[in-house]
Amino acid sequence: MKQTFQLRDKIPTDDGWITDIATRLWGSVQIISKEHTYNIVELPNCIGELNGKPVGFVSYTQGGGSREIVALYCAIENHGIGTALIERVKETAKTDGCTSVWVMTTNDNTQALRFYQKRGFVIKAVRTNVMEEQRKVKPTIPLLGNDKIPIRDEIELEIRL
Ligand SMILES: CC(C)(COP(=O)(O)OP(=O)(O)OC[C@H]1O[C@@H](n2cnc3c(N)ncnc32)[C@H](O)[C@@H]1OP(=O)(O)O)[C@@H](O)C(=O)NCCC(=O)NCCS
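If you're wondering where the values come from, they're calculated on a predicted model, not measured in any experiment.

### Let's talk about the site of the ligand
- The immediate surroundings of the ligand are formed by 19 residues, with Cys-74, Glu-77, Gly-80, Gly-82 and Thr-83 found nearest.
- Of all elements in the fold, only strand 6 (66-74), helix 2 (81-95), strand 7 (100-106) and helix 3 (110-118) reach the threshold of two or more residues within the shell around the ligand.
- Looking at the shell around the ligand, the element that brings in the most residues is helix 3, giving five residues.
- When grouped by side-chain class, the residues that make up the shell around the ligand number seven nonpolar, eight polar and four charged.

### Notes on the nonpolar core
- Formed by 30 residues in total, the largest nonpolar core has its most connected members in Val-58, Ile-69, Leu-72, Leu-85, Val-89, Val-101 and Val-103.
- Within the residue set of this core, elements represented by two or more residues are helix 1 (15-26), strand 4 (45-50), strand 5 (53-63), strand 6, helix 2, strand 7, helix 3 and strand 9 (154-160).
- Among the elements that take part in this core, strand 6 stands out by supplying six residues, more than any other.

### Some points on unusual backbone geometry
- For Asn-78, which is not glycine, the phi dihedral falls at a positive 65°.
- For Asn-78, the position within the fold is in the loop between strand 6 and helix 2.
- Exposure remark for Asn-78: the 8 C-beta atoms within 10 Å place this residue in the exposed category.
- Phi is positive for Lys-148, which is not a glycine, with a value near 60°.
- On the secondary structure map, Lys-148 appears in the loop between helix 4 (130-137) and strand 9.

### Regarding the environment of Asn-45
- Turning to its location among the elements, Asn-45 is positioned in strand 4.
- With 22 C-beta atoms packed within 10 Å, Asn-45 lands in the buried category.
- It is 5.4 Å that separates the C-alpha atoms of Asn-45 and Lys-10, two residues lying 35 residues apart in sequence.
- If we ignore the near neighbours within four places in the chain, the residues touching Asn-45 are Lys-10, Ile-18, Phe-57, Val-58 and Ser-59.

Rules of the game
- Residues numbered from 1 in each chain as written.
- Predicted model: local features only at pLDDT ≥ 70, side-chain atom pairs only at ≥ 80, totals over all residues.
- Near = placed C-beta within 6 Å.
- Helix = DSSP H or I, 4+ residues; strand = E, 2+ residues; numbered from the N terminus.
- Nonpolar A, V, L, I, M, F, W, Y, C, P; charged D, E, K, R; others polar.
- Core = buried A, V, L, I, M, F, W, Y, C linked by C-beta atoms within 7 Å.
- Buried ≥ 20, exposed ≤ 12 C-beta atoms within 10 Å, placed from the backbone.
- Contact = placed C-beta atoms within 7 Å.

Now the structure itself:
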């Protein structure tokens, strides 16, 4: 039987763990999205916990009546934690008066494209070849991503609330 998990807001002791994961997965805590650079430990984050230990997080920001998921990660996959984290973001976004939630991913992240589309997000825009520009700001963005697919494009997905 799968163990149950809890969701909670980020506390300062989560910062080191989030920093380690972000550095390993994305080169640093700085995430670039549509020309904005965010430090994800400075953003609001919701944490997924299993047996009292953090195993997942979602970082988000908002503006113009919509909320953006800036980063999402789960160390323990296929327990429903990723789904619960985005559901929490949607619920709180609605309470805060947002009419949509959007997220940016890269063309190599077929797992994320599958994950978001199966949860009702639709592709809103594809910004081709923008990663080359982003590498000038953040040189740690690798040339090859998941399954050794060249990282070239940003894909924006959105769900209406
Ligand atoms: C994408 C990611 C966040 C998904 O997180 P996750 O916690 O594994 O997501 P879930 O468990 O909610 O869903 C994954 C699968 O597990 C299945 N699942 C969910 N709960 C389950 C349960 N209780 N029992 C069995 N399977 C379950 C779901 O059906 C889902 O499969 P589906 O996509 O075919 O529907 C995670 O894979 C990840 O961290 N990836 C790397 C970072 C990344 O790419 N982030 C997104 C960039 S913005």
